Amino acid sequence: MIQIKHLSKVYDGAAGAAHALDDVSITIADGDIFGIIGMSGAGKSTLVRCINLLEQPTSGEIVVDGQNIVGLKGAALRAYRRRMAMIFQGFGLLSQKTVLQNVCFPFLAANGKVTDENRSHALELLDLVGMAEKAASYPAQLSGGQQQRVAIARALACDPEYILCDEATSALDPASTNTVLKILRDINRDTGVTIAVITHSMDVVEKICKNVAVLEHGRLVEQGSVAEVFSDPKTHAAKVLLGRVDWDA
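Residues numbered from 1 in each chain as written. Predicted model: local features only at pLDDT ≥ 70, side-chain atom pairs only at ≥ 80, totals over all residues. Heavy atoms only, no water.

Enquirer: Please give an account of the overall build of the protein chain that cites residues and values.
Expert: Helices and strands together make up the secondary structure of the protein chain, namely 9 helices and 10 strands. For the C-alpha atoms alone, the extent of the protein chain along its principal axes is close to 55 × 40 × 35 Å. Burial statistics for the protein chain: of 249 residues in total, 48% are counted as buried. Nonlocal contacts in the protein chain, meaning residues at least 24 apart in sequence, comprise 66% of its contacts between residues at least 6 apart. Surface exposure of the protein chain reaches about 11,900 Å², of which carbon and sulfur atoms provide 50%. Computed over 24 positive and 28 negative side-chain charges, the inter-centroid distance for the protein chain is 5 Å. (Helix = DSSP H or I, 4+ residues; strand = E, 2+ residues; numbered from the N terminus. Buried < 20%, exposed > 50% of the residue type's maximum accessible area, 1.4 Å probe, protein only. Contact = heavy atoms within 4.5 Å. Areas by Shrake-Rupley, 256 points an atom, 1.4 Å probe, with all protein chains shown as cover. Lys, Arg positive; Asp, Glu negative; His and termini not counted. Charge placed at Lys NZ, Arg CZ, Asp CG, Glu CD.)

Enquirer: Break down the sheet that holds strand β1 (residues 2-13) for me, citing the residues and quoting the values.
Expert: Pairing is antiparallel in the open sheet, where 4 strands are placed in the order β2-β1-β4-β5. The outermost strands of the open sheet, each flanked by one partner alone, are β2 (16-28) and β5 (67-68). Along the sheet, helix α1 (residues 44-51) makes contact with β1, β2 and β4 (59-64), crossing β1 at roughly 115°. (Pairing = 2+ DSSP bridges. Axes fitted to C-alpha atoms, helices over the stretch in contact; angles between N-to-C directions.)

Enquirer: An account of the environment of Gln 89 is requested, with residue identities and associated values reported.
Expert: Mapped onto the elements, Gln 89 comes out in the loop between β6 (84-88) and α3 (99-111). What makes Gln 89 partly exposed here is its relative accessible area of 39%. Residues Gln 89 and Lys 234 lie 145 residues apart in sequence; the distance between their C-alpha atoms is 29 Å.

Enquirer: Any details on the pattern of salt bridges? Residues and values, ideally.
Expert: By the definition in use, this model includes 12 salt bridges. Asp 203 is paired through a salt bridge with Lys 207; the nearest N and O atoms lie 3.3 Å apart. Placement of the pair is Asp 203 and Lys 207 together in helix α7 (residues 202-208), with a separation of 4 residues, close to one helical turn. Since its relative accessible area comes to 43%, Lys 207 is described here as partly exposed. One salt-bridge network, held together by shared partners, links Arg 185, Asp 186, Arg 189 and Asp 190. (Salt bridge = Lys/Arg side-chain N within 4 Å of Asp/Glu carboxyl O.)

Enquirer: Account for the side chain of Gln 147, with residues named and values stated.
Expert: Tracing the backbone shows Gln 147 in helix α5 (residues 144-156). Residue classification places Gln 147 among the buried residues on the basis of a relative accessible area of 16%. A distance of 3.5 Å separates a polar atom in the side chain of Gln 147 from the backbone oxygen of Pro 139. Other than its neighbours up to four places away in sequence, Gln 147 contacts Phe 91, Leu 93, Pro 139 and Leu 142. (Polar contact = N/O pair within 3.5 Å; in protein donor to acceptor, adjacent residues only side chain to side chain.)

Enquirer: Account for α3, naming residues and giving values.
Expert: The end-to-end C-alpha distance of α3, which contains 13 residues, comes to 19 Å, matching closely the 18 Å that a straight helix rising 1.5 Å per residue would cover. The largest bend in α3 comes to about 40°, at Phe 105, with the proline Pro 106 one to four residues further on. Burial in α3 covers these residues: Val 99, Leu 100, Asn 102, Val 103, Cys 104, Pro 106 and Phe 107. In the core, the buried residues of α3 are packed alongside α4 (116-128) and α5. (Expected span 1.5 Å × (residues − 1). Bend = angle between axes of the 7 residues up to and from the residue.)

Following this line, the structure appears as structure tokens:
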């Protein structure tokens, strides 16, 4: 379980303090597919970067399975990040490495070497996402959807307990988006891995998520089950995202 408690992130700049996150509290249950949604600048990416500690929060707690992980350093931080895989909008594949080498990279980063067992496991993961036949290809030879499927296989390499998807489908066409979302849904169903989906697309949330939180200007303004929020949005931000306002008014 991920419990985000009164989380704030403040950036100091020439124009003064900017509150990227302001007193955000969210609970993501084990096994959930949880959507975090908002318009550009809502604080979504800052939140996910705090969850995996690429950013240190200014205040508040992030409690993962009973442990407040804010402030982790060194070996403890590396161990935590192995539990928390990331899938990015830009895929993040290494262009000079083959598909198989990309999926094996987490083993190399963690242990300094890649074993035959690691390669076998990587091939199984590529088969899981329908990319085994592309194992010897390079990222430039793949479509965007294929690259994202490879990125999913790489994210699964170290058997994470959590997967954070930061706008993972925003650069994809509708068909590729559906393929990626089905893969994530099936992985959640078959393994029980908890998935947080950061997106600005209500369509993505509707297709894959069970629960959702809505951010606006760094604040949590609405949360609940997808069915509840979609059927009866309470806030202006949720109504805008759902297209329930008269944009021509």
